[in-house]
Amino acid sequence: MLRRTVTKLALSAPLLAATGRGALAQDASTISGGFDVGPGGMPGNFNPMTATAGFTWLSLYLEPLVIYDAKLEAVVGALASTYQVSPDQTAYTFRLADARWHDGQAFTSADVRFTIELAKNAASGSNFAARLAAITAVETPDAHTAVLKLSAPNAALLDTLTKVMMLPAHALSAIPTADLPRHAWWSTTPIGTGPFKFNRYVNGQYVALVANPDYRGGKPKVDRVVNRYFENTAGAVAALRSGEIQFSYVESDDVATFQNNPAFRIIEGNSYVVNYLGFNQEVPVWKDVRVRRAVMHAIDRAAIIKSLYGGAALPADCGYVSPALVPPGIDAYAHDPARAKALLAEAGWAQINGSKPITLLTYYNTPLAANVMAAIQAMLAEVGINVVPRIVDVPTYNSIVYAATPDWNSFAMVYAGLQNGPDPSIINIGLNEKQLPPAGANIMRVRMPKLTAAFDAALGETDGSKRAQRYQDVCRVMNADLPWGTLWVTSRYGVASTRLKDFTWIPAPAGGPYEAHPERWALAR
Amino acid sequence: MPRTLRYTARRLLAGAAMLLALSALVFLLLRAAPGDPVDAYVNPSVAMSPQDMAMLRERLGLDRPLPVQYFAWLRQAVTGDLGFSLQGTGEAVLPLVLSRLGPTMLLMASGLLLAIGLGIAGGVVGAVRRNGAADLSLSVIAFLGISSPAFLTALLGLYLFSVRLRIAPSGGMLTAGAAFSLTDLLAHLALPALLLSIGHTALIMRYTRASMLEVLNQDYVRTARAKGAREFSVIARHALRNALLPVVTLIGSTIGVAIGGAVFIESVFNWPGMGLLMVTAVRARDYPVIMGAALIIGGFVILLNLLTDLAYAVIDPRIKVG
């Protein structure tokens with residue numbers, strides 16, 4: 001004991017002399033964390049119309065009309081206290097909450113019209129332009145009512161609206177639309193209606209918000225929330241363990257560090273990203289469904305989930321794992337190398353490809369992903385399919401799969417992921433024949449009429465009670481025809497200090513948004 | 001025009017030509033690398049259509065021919081306008097890079113000063129006490145320092161001092177959201193500077209030791225001793241001054257390497273310097289920031305090498321520049 005103390009003191013002395021202090025100061029009125037975009041990260045993008053992630057953080061000071069509940073199961077009111085959908089699903093009426101912008105001005109239906117029109121306008125850089133194209137008019141019968149008129153029913157509209165943050169017309173209407181995407185306003189003086197107000201952004205370091213005492217949901221319990229940025233995962237984990245921050249999104253590899261530690265609470269949730277092996281349909285080797293089925297039977301998904309993911313994943317037999325979307329009786333593709341070999345023999349694999357190498361491209365470049373790729377390679381080799389993993393960074397991956405004149409063999413097979421919820425229609429962009437590039441992101445060039453018909457039927461379903469059944473049909477076709485070899489949906493993790501009270505966080509895709517009630521977050525001394 | 005001034009002007013002109021060549025080379029290498037800023041922006045698990053990606057490219061001017069893009073950048077760069085970051089906040093590159101230069105200079109200068117002080121002192125002790133216990137211990141430490149990669153020492157230092165001992169902040173330059181204070185800055189600086197200095201200390205120590213051993217056997221040192229000069233004076237005034245010449249060269253050439261080491265340290269400690277800026281920019285394929293930062297780092301290294309050459313003349317009057 002004495003020796004340990006002496007050693008600790010000896011090691012500490014030089015740094016203590018330099019820093020002039022011992023334990024790092026803790027402030028009970030400030031919550032610090034890494035709230036979005038990977039471990040310890042933060043959104044580099046403060047413009048909610050061009051952001052593809054970071055909505056957990058953005059929704060601390062900006063709010064949408066409607067928002068997902070904290071289970072990502074239902075869309076509920078946010079800035080709209082209530083909403084109604086017309087029987088023909090072409091009119092959405094929103095009754096607005098009595099809210100005020102951070103500069104004191106009232107939030108009105110004029111702001112809703114301004115925001116929706118801006119979000120529909122591709123010149124504003126909006127990611128929502130195509131998704132809101134069905135909106136033909138925004139009517140404002142009074143200051144507290146906004147009506148969206150649609151040219152045709154759009155089952156995904158409410159899901160899209162959860163990410164459309166309301167913007168102040170009085171602050172932004174003077175800025176030319178073309179200047180808006182990267183205008184300094186977003187990172188210097190943005191105002192919203194949320195429980196916190198934007199305070200300060202220090203490039204590459206942190207963003208600070210201060211409490212909005214006039215928030216309609218009550219004054220926040222802490223004075224400030226700071227989103228810290230860590231380039232390196234180790235830095236975020238170190239800051240969390242040393243108590244400098246109270247929350248961070250973490251990689252599954254780091255979860256074990258916090259297990260059985262009473263100072264931390266591990267939050268596990270569905271990633272809503274289905275991982276799959278994409279069969280490039282422009283490459284002849286995958287044309288025969290028996291070959292694709294052989295791939296599924298060759299891979300021992302249960303073993304990979306157990307030994308590499310530590311059980312933190314659900315096997316996916318189609319694009320979905322939610323019980324409501326998976327019909328009974330579909331093929332579970334049990335690990336069966338003998339069956340895989342027989343299917344390959346039936347298909348004439350020796351003539352189709354034999355032992356020639358097939359590139360297996362992925363943008364997942366963590367050590368865990370490298371192990372998964374190695375396992376898949378070994379399992380496929382066992383049945384006679386010779387895949388060669390190629391691990392690259394995201395820009396390289398995108399430059400290959402989105403190339404104007406693609407080299408099909410450079411991504412003959414991919415190990416990738418695509419968001420599959422909370423709205424199940426979201427994977428349509430990667431599988432429907434109408435989404436072939438350049439119109440969509442069907443990068444594996446899937447041309448399967450039955451699948452396209454199933455998606456079209458689901459997307460056009462106006463009866464909410466029948467939607468799940470339509471997506472079960474999509475699942476059934478995916479399972480039988482295997483446009484992709486679906487593998488699993490993994491869990492994602494956040495770690496929070498137990499000092500954080502009433503803290504709601506889930507690893508929602510793109511950060512949500514969802515009902516997190518940040519005004520209730522508190523920090524025990 | 002004095003000879004030194006002419007020499008400096010000539011070197012500065014050559015430096016400008018080198019910077020031009022550097023900018024063209026970096027531009028070409030960036031375009032040859034797979035993926036562009038739009039490819040980096042798109043999250044593969046939240047798909048985007050190639051049509052939308054093409055619109056983004058058009059808006060950023062990435063659809064224009066390469067020579068047009070380069071000369072458009074160059075025309076702006078010579079007026080001091082290095083364009084805007086292509087990342088979310090879209091900040092102007094010049095103020096962004098300059099704002100990161102200060103923290104990098106602070107970290108590098110602190111690390112190098114520590115390394116120079118400790119390295120020269122250690123080298124002198126090693127040479128004077130050749131093959132003694134002190135020399136052997138210092139040699140072992142030096143070899144450990146030389147053979148430890150920056151990312152490893154950074155991660156180990158972070159774990160030991162921040163997580164286990166909790167005596168140093170885990171990252172950043174100042175406490176997030178707090179008002180500036182010198183104590184706070186020093187607290188954040190101490191650990192990364194110390195870790196950055198390790199490799200350089202070891203190298204400078206070895207060079208100083210070798211150079212001192214050579215000088216200590218020179219006739220003029222023997223003469224100084226024969227004249228009855230005190231040992232401290234012999235070491236400090238006669239031997240060390242002459243032994244420092246190769247060490248100064250080493251320090252000059254170390255600066256470029258130090259920037260490389262700072263990339264790791266800045267990345268692990270989230271120190272808001274050029275290294276961190278470059279890592280983030282490369283990951284995002286942020287062409288304007290990479291070009292601007294490469295130009296400014298290049299200019300900085302050229303300037304420091306010139307200063308090193310000029311320093312020779314100050315240290316050794318026998319050397320004439322030009």
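Residues numbered from 1 in each chain as written. Chains lettered and ligands numbered in written order. Predicted model: local features only at pLDDT ≥ 70, side-chain atom pairs only at ≥ 80, totals over all residues. Heavy atoms only, no water.

Caption draft 1: Layout of the packing of helix α16 (residues 449-459) of chain A against helix α17 (residues 464-481) of chain A. All names here are of chain A. Relative to each other, α16 and α17 sit at 165°, their axes nearing to 8 Å. In terms of orientation, α16 and α17 fall into the roughly antiparallel class. Like other packed secondary-structure pairs, α16 and α17 cross with a definite hand, here left-handed. Residues K450, L451, A454, F455, A457, A458 and L459 of α16 form the contact with α17, whose participating residues are R467, R470, Y471, D473, V474, V477, M478 and D481. Its residues assigned to classes, the contact of α16 with α17 comprises 10 nonpolar, no polar and five charged. (Axes fitted to C-alpha atoms, helices over the stretch in contact; angles between N-to-C directions. Helix = DSSP H or I, 4+ residues; strand = E, 2+ residues; numbered from the N terminus. Parallel < 35°, antiparallel > 145°, perpendicular 65-115°, else oblique. Left-handed = near helix turned anticlockwise from the far one by under 90°. Contact = heavy atoms within 4.5 Å. Nonpolar A, V, L, I, M, F, W, Y, C, P; charged D, E, K, R; others polar.)

Caption draft 2: Region of interest: the side chain of S59 of chain A. If you trace the backbone, S59 of chain A turns up in the loop between α2 (55-58) and β2 (66-68). Within polar-contact distance, the side chain of S59 of chain A engages the backbone oxygen of T56 of chain A at 3.0 Å. (Polar contact = N/O pair within 3.5 Å; in protein donor to acceptor, adjacent residues only side chain to side chain.)

Caption draft 3: Representation of the interface of chain A and chain B. At the interface, 60 residues of chain A touch 64 residues of chain B. Summed over both sides, the interface between chain A and chain B buries roughly 5100 Å², with carbon and sulfur atoms accounting for 56% of that surface. Where chain A touches chain B, the interface holds two salt bridges. A salt bridge links R285 of chain B to D393 of chain A; the nearest nitrogen and oxygen atoms lie 3.0 Å apart. Our count for the contact surface shared by chain A and chain B stands at 25 residue pairs in polar contact (both at pLDDT 80 or more). Only α1 (2-19), β10 (224-228), α7 (233-241), α14 (394-401) and β16 (413-419) of chain A provide two or more residues apiece to the side of chain A that touches chain B. Of the residues forming the side of chain A that touches chain B, the biggest block, seven residues, is contributed by α1 of chain A. Of the residues assigned to the side of chain A that touches chain B, the class counts are 29 nonpolar, 22 polar and nine charged. (Buried area = accessible area lost by both parts, 1.4 Å probe. Salt bridge = Lys/Arg side-chain N within 4 Å of Asp/Glu carboxyl O.)

Caption draft 4: Representation of the confidence of the model for chain B in the model. All names here are of chain B. Residues with a pLDDT of 70 or more make up 98% of chain B, whose mean pLDDT is 88. Looking over chain B, one finds the lowest element-wise mean pLDDT in helix α10 (residues 231-269), namely 82, and the highest in helix α4 (residues 66-77), namely 95. Per the prediction output, this complex has pTM 0.84; the corresponding ipTM is 0.81. (pLDDT = per-residue confidence, 0-100.)

Caption draft 5: Expanded view of the sheet that holds strand β7 (residues 145-150) of chain A. Residue and element names in this part refer to chain A. Read across the sheet, four strands follow the order β4-β5-β7-β6 without closing on themselves; strand pairing throughout is antiparallel. The strands lining the two open edges of the sheet, one partner per strand, are β4 (80-85) and β6 (135-142). Neighbour-to-neighbour, the strand axes of this sheet turn through a mean angle of 20°, independent of strand direction. Across the sheet, helix α3 (residues 109-120) is in contact with β5 (91-96), β6 and β7; its angle to β6 comes to roughly 170°. (Pairing = 2+ DSSP bridges.)

Caption draft 6: Here's a closer look at the pattern of salt bridges. All names here are of chain A. Overall, the coordinates contain 21 salt bridges over all chains when judged by the stated rule. The residue K149 makes a salt bridge to E139 at a minimum N-O spacing of 3.3 Å. Taken together, the residues K149 in strand β7 and E139 in strand β6 connect sequence positions 10 residues apart. Take K149: its relative accessible area is 29%, and that puts it in the partly exposed class. Of the residues examined, E139 reaches a relative accessible area of 36% and is grouped as partly exposed. Overlapping salt bridges, with partners in common, bring together D288, R290 and E346 in one network. (Buried < 20%, exposed > 50% of the residue type's maximum accessible area, 1.4 Å probe, protein only.)

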